[in-house]
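# Examination of the molecular architecture
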Amino acid sequence: MYPFLRLAKEMFRFRKAAPIALGEDHVSHHICWPWDLDMWWELNNGRTLTIYDLGRIPMASRSGLIPIMRERSWGLTIAGSSVRYRRRVRMFDRIEMRSRMVGWDARFMYLEQSMWKTNGDCASHALFRAAVTEKNGIVPCATVAEALGYDPVSPDLPDWIEAWSAAESQRPWPPMS
């Protein structure tokens, strides 16, 4: 089940936190609970993606995006992700999550997140591309950037994000046909 109570706790925890700007890290702390585990007694890979929500949504709120979305009846969707898993997260491990928006192109915002163990090891790193939506489809990122008070032109995306986006555009859709 989706961790609605954990998300509510995170939103409450950061309700009065200082706003963050483009490229600034939103830092949050989490615990790997027994219900987050897979059959090998480590953080389930699917649950990892869900736990990344617990950093991404409060980050969006602190950046001012959530209030603008409510005001304009916009939605937010994840349009792609890539995750690297490097260290196991076991039951009751504490992790620090770092979340930030890197930039955008015409359609998608690129968000980077990582989970860090207490010994300083990076457990996983994720790249997400997200789209702001309305009833007629995707809201252009330039429009979203202006609503947030940013220049509609994105900062340069790192080469590795550009390459990932280009590779994603080459994938066939529908897949496996």
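Here the structure is shown first, and the text comes after it.
Computed from a prediction, not measured in an experiment: that's the story for all the values here.

What counts as what
- Residues numbered from 1 in each chain as written.
- Predicted model: local features only at pLDDT ≥ 70, side-chain atom pairs only at ≥ 80, totals over all residues.
- Heavy atoms only, no water.
- Helix = DSSP H or I, 4+ residues; strand = E, 2+ residues; numbered from the N terminus.
- Buried < 20%, exposed > 50% of the residue type's maximum accessible area, 1.4 Å probe, protein only.
- Lys, Arg positive; Asp, Glu negative; His and termini not counted.
- Salt bridge = Lys/Arg side-chain N within 4 Å of Asp/Glu carboxyl O.
- Contact = heavy atoms within 4.5 Å.
- Axes fitted to C-alpha atoms, helices over the stretch in contact; angles between N-to-C directions.
- Parallel < 35°, antiparallel > 145°, perpendicular 65-115°, else oblique.
- Nonpolar A, V, L, I, M, F, W, Y, C, P; charged D, E, K, R; others polar.
- Expected span 1.5 Å × (residues − 1).
- Pairing = 2+ DSSP bridges.

What follows covers the side chain of aspartate 38. Position of aspartate 38 relative to the elements: it lies in the loop between β1 (26–31) and α2 (45–62). One buried charged side chain, aspartate 38, makes no salt bridge at all; its nearest oppositely charged neighbour is arginine 90, positioned 7.0 Å away. Non-local contacts of aspartate 38, meaning those with residues more than four positions away in its chain, are made with Leu43 and Asn44.

For the rest of this paragraph, the subject is the packing of α2 against helix α3 (residues 65–72). Between α2 and α3, the least distance of the axes is 4 Å, while the angle of their chain directions is 75°. Here α2 lies roughly perpendicular to α3, going by the angle between them. Residues Ile57, Ala60 and Ser61 of α2 pack against Leu65, Ile66 and Pro67 of α3. Per-class residue counts for the contact of α2 with α3 are 5 nonpolar, 1 polar and no charged.

Relative to the helices and strands, aspartate 53 resides in helix α2. Among the residues examined, aspartate 53 registers a relative accessible area of 16% and is labelled buried. In contact with aspartate 53, other than residues within four places in its own chain, are Tyr2, Leu7 and Pro58.

The subject of this paragraph is helix α5 (residues 159–170). In a regular helix each residue adds 1.5 Å, so 12 residues correspond to 16 Å; α5 covers 17 Å between its end C-alpha atoms and thus fits that length. Residues of α5 that are buried sit in contact with β2 (75–85), β3 (94–104), β4 (109–117) and β5 (122–134).

With 6 bridges connecting them, β1 and β3 associate as antiparallel partners. Each residue of the ladder has a partner; that of isoleucine 31, found in β3, is arginine 94. In this structure, the hairpin formed by β3 and β4 is closed by a connection of 4 residues.

On to the pairing of β5, then. Pairing analysis gives 10 bridges linking β2 to β5, with the strands arranged antiparallel. Looking at β5, one finds that tyrosine 85 is bridged to serine 124. Taken together, the 8 bridges between β4 and β5 define a ladder with antiparallel strand orientation. Within β5, the residue paired with glutamate 112 across the bridge is leucine 127. The loop that links β4 with its antiparallel partner β5 comprises 4 residues; one of these, glycine 120, has a positive phi angle of about 95°. Between β5 and strand β6 (residues 137–138), which pair antiparallel one after the other, the connecting turn spans 2 residues.

By themselves these figures say nothing about function.
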